[in-house]
Structures are given as C-alpha cells and as structure tokens.
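Descriptive structure summary
Here's the letter readout for the chains.
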Amino acid sequence: MGGAIKRYSCILIEDDAMAIEMINDYINRRDDLVLLGIGSELAEVNMLLQKLTPSIIFLDLIIPPGESNGFHLGQLPASSCIAIISGIPLHLYKGPLPTGPIFELSKPISYESFSRCVEKIVLKLKSEICESPDTI
C-alpha cells in the first residue's frame, strides 16, 4: 500500500567537528535525506563532487581550502540546492557565493530551524524538473 519514500541525497561541508556531529544527527533523523559524504575542506568537496551528484549541499561558508587545485565555491553544481551554514548572515557576507538555489541556515542551528530549511528545499526540488530525487 505504501509508496517508495523519496530520499534526497546530500553532502555536508563543514570544518567544525561538533557542527558535523550535530548536522549529521539532524540529517539521520529525517527519512527523506541520505548523507553521501562529509568534507571539511575544499579539496574534499572537489573529490566528493567528482563521484557524487547530491540534491542538497549543506555548506559552511568558511572552510579551509586544502589542496583545492583551483576548485572554488562557484564550481558547485547549479543543479544542487545549497544550504549555507554560517554564523555570518548572507547579506553581510562579502566573499564568493555558489550559484544555484541558496538557502540560509544561521548558526547556532536547532533541529527545528534545520527541518524548516529542509522543507523549503524539498518543495523547491519537487517543483524543479532538472532535479530528480533518489527514490529508495
């Protein structure tokens, strides 16, 4: 009787261990999200995106570059929804931002604010033809 659960693939880009643990927990609480990978510097983001095409990227704005080989935030896939995780409000941030749909998650992040943001992202993904969720 029940249909398949639509699950949206995501990656987490964060360099703070406590934030990684918290957001990983938030992702795991939701039946509609599946975490494919975690990166803590741009070099790892580049490697993850060479293998994966996430529907959602949870992205801390300020992360170490590592050996990024020229990879930058503007190269994130425009087909992915980006949830910016930051203590800096986006309207005050002066650095480069990724292209594509951007959603803001202000630190500190409660599970309720995380879920509200994910609900907005899921509505966006459902309305976009270019993005098809993974169905499991």
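Please read all numbers here as calculations on a predicted model, not as lab measurements.

Cut-offs applied
- Residues numbered from 1 in each chain as written.
- Predicted model: local features only at pLDDT ≥ 70, side-chain atom pairs only at ≥ 80, totals over all residues.
- Heavy atoms only, no water.
- Phe/Tyr/Trp six-rings, centres within 6.5 Å; stacked < 30°, edge-to-face > 60°.
- Helix = DSSP H or I, 4+ residues; strand = E, 2+ residues; numbered from the N terminus.
- Buried < 20%, exposed > 50% of the residue type's maximum accessible area, 1.4 Å probe, protein only.
- Lys NZ or Arg CZ within 6 Å of the ring centre and 35° of its normal.
- Core = buried A, V, L, I, M, F, W, Y, C linked by side-chain atoms within 4.5 Å.
- Contact = heavy atoms within 4.5 Å.
- pLDDT = per-residue confidence, 0-100.

Remarks on the packing of aromatic side chains
- Under the defined criterion, the tally for this structure stands at four aromatic pairs.
- Ring centres 5.4 Å apart and planes at 70° place the aromatic pair Tyr26 and Tyr111 in the edge-to-face group. In this pair, Tyr26 is assigned in helix H1 (residues 17-29) and Tyr111 in helix H3 (residues 111-127), connecting sequence segments 85 residues apart.
- By relative accessible area, which is 22% here, Tyr111 ends up partly exposed.
- Put simply, the rings of Tyr26, Phe58, Tyr111 and Phe114 pair up and form one aromatic cluster.
- In this arrangement the basic side chain of Arg29 is found over the ring face of Tyr111, its NZ or CZ atom lying 4.6 Å from the centre.

So, the nonpolar core
- Grouped together as the largest cluster of nonpolar side chains are 22 residues, with contacts concentrated most on Leu33, Ile56, Phe58, Leu105, Phe114 and Ile121.
- Of all the secondary-structure elements, those providing two or more residues to this core are strand S1 (6-13), H1, strand S3 (56-60), strand S4 (81-86), strand S5 (102-106) and H3.
- If you tally residues by element for this core, the top one is H3, at six residues.
- Residues within four places of Ile56 in sequence aside, it is in contact with Tyr8, Ser9, Cys10, Ile11, Leu33, Cys81, Ile121 and Leu125.
- Listed in part, the 17 residues of the second largest apolar core include Leu59, Leu73, Leu90 and Tyr93.

Let's talk about the confidence of the model for the chain
- Here the chain averages 87 in pLDDT, while 91% of its residues score no lower than 70.
- Here strand S6 (residues 134-135) stands out as the element of the chain with the lowest mean pLDDT, 40, in contrast to H1, whose mean of 97 is the highest.
- Across residues 129-136, confidence stays below pLDDT 50; counting only partners more than four residues off in sequence or on other chains, it has 17 contacts.

Section: unusual backbone geometry
- In this structure, the amide linkage connecting Lys107 to the following residue, Pro108, adopts the cis form with an omega of -5°.
- Mapped onto the fold, Pro108 is located in the loop between S5 and H3.

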